[in-house]
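Now for the letters of each chain:
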Amino acid sequence: MSDENRRTATERIKHFLLQVIDLTALGFLEPVVRLIYGEEPRVQIRKIGRFVAVPILAFLCFVGIWAAWAPHHKTKAGEVPTPSVVSEAYTTILTFSEREDSKEEAYLLSEAERVPLLQQAEAQLLKARTTAQAADEAVAHAQEADTASKKQLTERISEQLKTHKSTYKQERKTRENALKTELGTLSSNESIARVAAFREWKSKQTRLQKSMKEDLARIRAQVNPKVQTALAQQTSCAEEVQYLSSYCDILSKSNKESKLAAIDAEILALQNSMKQADTKNRYKQADKILVLHERRKKVEASSYAKASTLPMQIIRSIACVFAGFLIGTVIAVPIGVCCGLSSTFMAAVTPFIALFKPVSPIVWLPILLIIVGGFIPDPETHWLIQWLWDAPLIGELKINPAFLASALTVAMCSLWATMVNAALGVASVDEDHLNVAKVLRLGFCARLFKIILPSSLPLIFAGMRISLGVGWMVLIAAELLASSEGIGKFVWDQFNNGASDSFAKMFVVVFVVGFVGLILDRIMIIFQRLVSFEGSVAAI
Amino acid sequence: MLSSLLRHTAIICASATFCLPLHTAETEQLELEKSELKFGFIKLTDCAPLVIAKEKGFFSDEGLSVEVVAQSNWKILLDNVISGELDGAHMLSGQPIAATIGIGTKAHIVTAYTMDLNGNAITVSNSVWSRMQEADESLDTETPPHPISAQSLRPVVDEYLENGEKLQMGMVFPVSTHNYELRYWLASSGIHPGMYSASDVGGRTSAEVELSVTPPPMMPATLEAGNIQGYCVGEPWNQKAVSTSIGVPVVTNYDIWKNNPEKIFGVSAAWAEENPQTHLAVVKALIRAGQWLDATDTQGTLINRSEAARILSGSNYVGADFDIIKNSMTGFFYFQKTDKRAMPEFNVFFDHFCTYPWYSDGVWFLTQMRRWGQITEAKPASWYAETAQKVYRPDVYREAAKLLLAEGFITEEDIPWDTDGYKAPTKEFIDGILYDGHDPLGYLSKHTIGHKE
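All figures in this text were calculated on a predicted structure; none of them were measured in a lab. (Residues numbered from 1 in each chain as written. Chains lettered and ligands numbered in written order. Predicted model: local features only at pLDDT ≥ 70, side-chain atom pairs only at ≥ 80, totals over all residues. Heavy atoms only, no water.)

J.: When you look at unusual backbone geometry in this model, what are you seeing that I'm missing?
T.: Of all residues except glycine, most have a negative phi; of all peptide bonds, most are trans. Here the bond from His146 of chain B into Pro147 of chain B is cis, since omega is -5°, no more than 30 degrees from zero. Positive phi outside glycine occurs at Glu40 of chain A, with the angle close to 40°. Within the fold, Glu40 of chain A resides in the loop between α2 (30–36) and α3 (41–69). Positive phi, close to 60°, is recorded for Asn118 of chain B, a residue that is not glycine. Relative to the helices and strands, Asn118 of chain B resides in strand β5 (residues 117–118). (Helix = DSSP H or I, 4+ residues; strand = E, 2+ residues; numbered from the N terminus.)

J.: Explain a negative patch on the surface to me, please; I cannot follow it from the model alone.
T.: On the surface, Asp287 and Glu294 of chain A together with Glu31 and Glu33 of chain B cluster together to form a negatively charged patch. Note on placement: Glu33 of chain B falls in the loop between α1 (2–24) and β1 (36–41). (Patch = residues over 30% accessible without salt bridge, like charges linked within 9 Å, V, L, I, M, F, W, Y side chains within 5 Å. Areas by Shrake-Rupley, 256 points an atom, 1.4 Å probe, with all protein chains shown as cover. Salt bridge = Lys/Arg side-chain N within 4 Å of Asp/Glu carboxyl O. Lys, Arg positive; Asp, Glu negative; His and termini not counted. Charge placed at Lys NZ, Arg CZ, Asp CG, Glu CD.)

J.: How do you make sense of the interface of chain B and chain A when you look at a structure like this?
T.: How big an interface is tends to be stated in terms of accessible area lost as the parts join. At the interface, 48 residues of chain B touch 46 residues of chain A. A combined buried area of about 3700 Å² lies between chain B and chain A, and 42% of that area is made up of carbon and sulfur atoms. The tally of links between chain B and chain A comes to 5 salt bridges. Its salt-bridge partner being Lys169 of chain A, residue Glu137 of chain B comes within 4.0 Å of it at the nearest N-O pair. At the boundary of chain B and chain A, one finds 12 residue pairs in polar contact (both at pLDDT 80 or more). (Contact = heavy atoms within 4.5 Å. Buried area = accessible area lost by both parts, 1.4 Å probe. Polar contact = N/O pair within 3.5 Å; in protein donor to acceptor, adjacent residues only side chain to side chain.)

J.: What is the right way to read the nonpolar core from this model?
T.: It is characteristic of soluble globular proteins that their nonpolar side chains tend to be buried jointly. Residue and element names in this part refer to chain B. Ranked by size, the top nonpolar core spans 78 residues in total, and within it Met132, Leu153 and Trp185 carry the most contacts. Inspection of this core shows a minimum of three residues originating in each of domain 1 (36–116 + 261–318 + 348–418) and domain 2 (120–256). Setting aside anything within four residues of it in sequence, one finds Met132 in contact with Val124, Leu139, Ile148, Ser152, Leu153, Val156 and Val250. (Core = buried A, V, L, I, M, F, W, Y, C linked by side-chain atoms within 4.5 Å. Buried < 20%, exposed > 50% of the residue type's maximum accessible area, 1.4 Å probe, protein only. Domains from an automatic or database assignment.)

J.: Whenever I open this one, the pattern of salt bridges confuses me. Can you help?
T.: Note on pairing: side chains with opposite charge can pair once their charged atoms come close. All told, the structure shown has 44 salt bridges over all chains when counted by the stated rule. Of the charged contacts, one joins Asp46 of chain B and Lys263 of chain B as a salt bridge, the two residues approaching to 2.7 Å between their closest N and O atoms. Highlighted residues: Asp46 of chain B in the loop between β1 and α2 (48–55) and Lys263 of chain B in strand β11 (residues 263–268), separated in sequence by 217 residues. Owing to a relative accessible area of 0%, Lys263 of chain B belongs among the buried residues under this scheme. Here Lys263 of chain B ties to Glu262 of chain B by a salt bridge, and the two come within 2.7 Å at their closest N and O atoms. A single network of salt bridges, built from pairs that share partners, joins Lys14, Glu30, Arg34 and Glu39 of chain A.

J.: Where do I start with the pairing of strand β9 (residues 230–234) of chain B in this structure?
T.: For a regular strand, side chains alternate in direction, first toward one face of the sheet and then toward the other. Residue and element names in this part refer to chain B. For β9, a buried count of 5 out of 5 residues is recorded, marking the element as mostly surrounded by other parts of the structure. Burial along β9 is two-sided: the face carrying Gly230, Cys232 and Gly234 and the face carrying Tyr231 and Val233 are both buried. Inspection of the sheet shows strand β7 (residues 167–171) paired to β9 by 2 bridges, in the parallel sense. In the strand pairing of β9, Met169 is matched with Gly230. (Pairing = 2+ DSSP bridges.)

J.: What is the right way to look at the domain arrangement of chain B in this model?
T.: Residue and element names in this part refer to chain B. Here the domain parsing of chain B yields domain 1 (36–116 + 261–318 + 348–418) and domain 2 (120–256). One C-alpha centre belongs to domain 1, the other to domain 2, and the line joining them spans 27 Å. Across the contact, 26 residues belong to domain 1 and 28 residues belong to domain 2. For the domain 1 and domain 2 pair, buried surface summed over both sides reaches about 2000 Å², with 71% attributable to carbon and sulfur atoms.

The following block contains the structure:
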């Protein structure tokens, strides 16, 4: 009896797991679950091989090819980064963001918490300073060795070039003079031939010089990996020193508590001296105290002016894409439904869809930036922006006109798929269902909400899924153009930085964008499955 | 003998007491209207005063909490200052003047602080450089004589013209110092860089060399892509060309006009009106930043520049590699990999009364705007002076300096207290023409190319 019970319980769990897998379209996990329950092990293993092992193998192959090929493609910005360099860049990005977080945290800590941290940080700083010094020396050494070896390589060539230049100059002069005297005795055709030969000789000599110069330039441009690693080491050491010293500074004096304490002390001192002051000074001091109270309030509300970090930018981008997606959906669904209901309306809307659908985000963005700027001439004092800044949760995002313009660009580019699908969904509602509605004499509203919308939801959601995907792609470009804080701006800043690790950081973004896009798509798939009857929508 | 000894001791004592407050000085915080500020900058080493004032705590000494945000180009930066998205920004000297008189976007922008002198260079592509070397053999060495005049570029320009093309060069903004410097350099050797007019806002009328706008950090990539054959830009984008071997800097703006004003710190007039105390506090912090950047030891070596270069190389600031930024920031300039020259004054942030907002600087930019036709009609000399006075705010600067003097951060001789706002007339241009800010029309008439009145 209990055995039976247990079996049905495990069966139920299995059924539940399979349902979740089906809902989230993570089909590759299905054979794993079935295997655990011992269902046809051979079949399941084969399936695991196909749906789990093969993709992993393919990805490994891709990484392998990438790692092998990358160092061979040289660009002016350095070699194409290998997977290991990219993962290093990822660590650098994370370190930067962690450091900013810890500084932000330190700004708000109480004295009891700060003191031990400060001791620890000061000890670290001392250590970091010595390693930084060693790194500086290593760089100097590496650079010296590099210059010496390059000098050895170039010395011979530049000597050759020098002698060639001087002999060429002399010889050219003598040849030219000889030619000039000789030409007097020759016929015109012959003279032309002689001059042509002379010119040929001259260009051959300059070509020779050019190739020597190119050799020199090539040697000098060679990047020495030893210098490169030494420099990278030096940078990471120096950055640590910089971080630790500003961290110590925040812990010791530039934090909220210390600032408040300083102001309080000043107020107290003024209050004390006020007792002895004469009337004239009293006014001054009372005024000063009021100013200090004012300042105290400001410090109380202040926070650490944090530099933007990638995690923050990712969150802002996701918020932006959802904002745009919501605006787009709110516009697209009603219009799409109307299109599906009335072919006359559809005829009226079709030219707009056809005309605006292909317009690129690059065109919408500057237009929308100007339009939004027209509505919000002074963001600092505009009610909408103020309201958005004070709102809970989204207040953190510091929504500004650039954010709004990016969101609207996402909306403009992504709403078409939802609109077209909504129209299609509504238009293809089963005749039988509509006939039943007629028989039941349902009013327009009841028909719309009981029959038409529910049966067209799967298609509407399919459209929304496409829209969100398009929106995510568009957003990165929009942020890049609008300099709206987000992933797009991160890429653009890296491109502009042109530092030796910028290239690798951009590669990191490829994976971040891809991963976030994948998650967004999965979320939409789940919604789509929840509203569809058959639950059989393609997962990819 | 005794008296001289006494005098010496007196001087030493005086200087000792005078120096003492320098180390124990503390800022007196003002009654700020606004304490959380957002400033914009472009990824160039001359944004240093802003970044240093933040990172070395000069802003926070004034009770300011400042965010410094990179902007993608000068146009967006200006628009953000006008719209109030930014409280202030690192700007081209020509920008507030142009905005105030309505070239491009019209808005009243003012400045009370000049960020730096010099700091730009003109770079040409490798192929143009080798053709310049072919035409002028004296350039064909590893250390050619400087300054190189645009005369050596003439044969290349002609070659392009013969093929029915025009040499293309990049600059960063229509009213940028770079545009005027590039034009000055070309025109001083008789190469026509083109005129602006009401109908030609691209400035290409009768040009022999065509100039176009590219944002500074994009310059090396644009040169490499072959869209332009040369550019005039600030650092580190010339050193970047050297280190990646895509081009050769031929002349710095120090040689075109010795100690020319480069960037200013600009805010909108409305902002300055609303936040006078905050403005003062910002200028105070910036003056200290400039002083820190130009601090030298007894041998005259710049002591803080290496640290500054390290701070600037952070990816949220300029972001280029440390050793590229360091190249020009520490008093040297690489013209080629083999040609490193000492240029202690390539970047000036404090000396020569650099930070003072000079009317004569404003007038010079106005003369250039007129010379190249951006100002479409002739104006009287009084207009030049009035316009400069609208934009430059030495009153704010002086008040800030007074406060710093009282607090003991600067000394009496750091600030030109009793100037009328005009620098002494100078001939230190590449073509040796005398510039006197009091006589803009006389100056205009001395040039051969461009409007003469």
